[in-house]
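Chain by chain, the residues run as shown.
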Amino acid sequence: MEFKYEYKVVPSDLWQVQMYYAYSSYTAIINVICIVSSIALLYSLWGTAPWWLRLLLLFFLSLFTVIQPLAMYFRAKKTLGDIDDTLRLTFSEQGIQVEVKDQKEFKNWAEVQGIVLKPTLVTIYTDKSHGYILTDRILKDTKKQFRAFIKARRSARAR
């Protein structure tokens, strides 16, 4: 079985990875506590609070629901910079063929450092800090088959 994908990495792909990481770490606990606290404070104090406290509470709520995600998006955009290359990935039983411009590289499954499956994306790490992001936008109608294929590769690596 072989899966071929050709795409350009866009900031929203990297943003998704960052959001999943942020909300599946200890940071998520703090974020959720702050969001719930700010909503509770807004609800309980809105009628009696002066305008400046209302504004402060709204800012506090937006810090975790709007500002932080926007900051992550702009960081993702900055990280990608002017990269506009088309990435071609071919996944087979033997490994991963990577093509960017005229450069080719092959990684066998033993070289893959990690595979992360999230509801809307798959990240395949080729070393501790680099990997390939495949979102639903890229996987399209092959999502179920590709995820099953990747799960089988992950299980084979664990043995």
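Above this note sits the structure.
Since this is a predicted model, take the numbers as computed values, not measurements.

Draft legend 1. Representation of the packing of aromatic side chains within the structure. A full pass over the atoms with the stated rule returns nine aromatic pairs. Measuring from ring centre to ring centre gives 6.4 Å for F91 and W109, while their planes differ by 25°; the resulting arrangement is stacked. A residue pair is termed long-range when its members are at least 10 positions apart, and F91 in strand β2 (residues 87-91) and W109 in the loop between β4 (103-108) and β5 (114-118) qualify at 18 residues. Given a relative accessible area of 7%, W109 falls into the buried group. Connected via pairs of aromatic rings, a cluster forms that spans F3, Y5, F91, W109, F146 and F149. The aromatic ring of W46 is capped on one face by R54, whose charged end is 4.8 Å from the ring centroid. Lying across the ring of F149, R153 places its NZ or CZ 4.7 Å from the centre.

Draft legend 2. Spatial organisation of the pairing of strand β3 (residues 95-100). With five bridges connecting them, β2 and β3 associate as antiparallel partners. Paired with F91 across the strands is I96, a residue of β3. Taking the residues that link successive antiparallel strands as the turn, the β2-β3 hairpin has three residues. Bridge count between β3 and β4: six bridges; the pairing is antiparallel. When the bridges of β4 are listed, Q97 appears paired with F106.

Draft legend 3. Representation of helix α3 (residues 51-80) within the structure. The end-to-end C-alpha distance of α3 is 41 Å, a good match for the 44 Å that 30 residues give at a rise of 1.5 Å each. Approximately 55° is the largest bend angle found in α3, and it occurs at L63. Of the residues making up α3, those classed as buried are L57, L61, F64, Q68, P69, M72, A76 and L80. Lining the buried residues of α3 we find α1 (11-22) and α2 (26-45). Positive phi appears at G81, one or two residues downstream of α3, with a value of about 50°.

Draft legend 4. Up close: the pattern of salt bridges. Under the criterion given, the structure shown has seven salt bridges. A salt bridge links K143 to D136; the nearest nitrogen and oxygen atoms lie 3.2 Å apart. Given a relative accessible area of 24%, K143 falls into the partly exposed group.

Rules used in this analysis
Residues numbered from 1 in each chain as written. Predicted model: local features only at pLDDT ≥ 70, side-chain atom pairs only at ≥ 80, totals over all residues. Heavy atoms only, no water. Phe/Tyr/Trp six-rings, centres within 6.5 Å; stacked < 30°, edge-to-face > 60°. Helix = DSSP H or I, 4+ residues; strand = E, 2+ residues; numbered from the N terminus. Buried < 20%, exposed > 50% of the residue type's maximum accessible area, 1.4 Å probe, protein only. Lys NZ or Arg CZ within 6 Å of the ring centre and 35° of its normal. Pairing = 2+ DSSP bridges. Expected span 1.5 Å × (residues − 1). Bend = angle between axes of the 7 residues up to and from the residue. Contact = heavy atoms within 4.5 Å. Salt bridge = Lys/Arg side-chain N within 4 Å of Asp/Glu carboxyl O.

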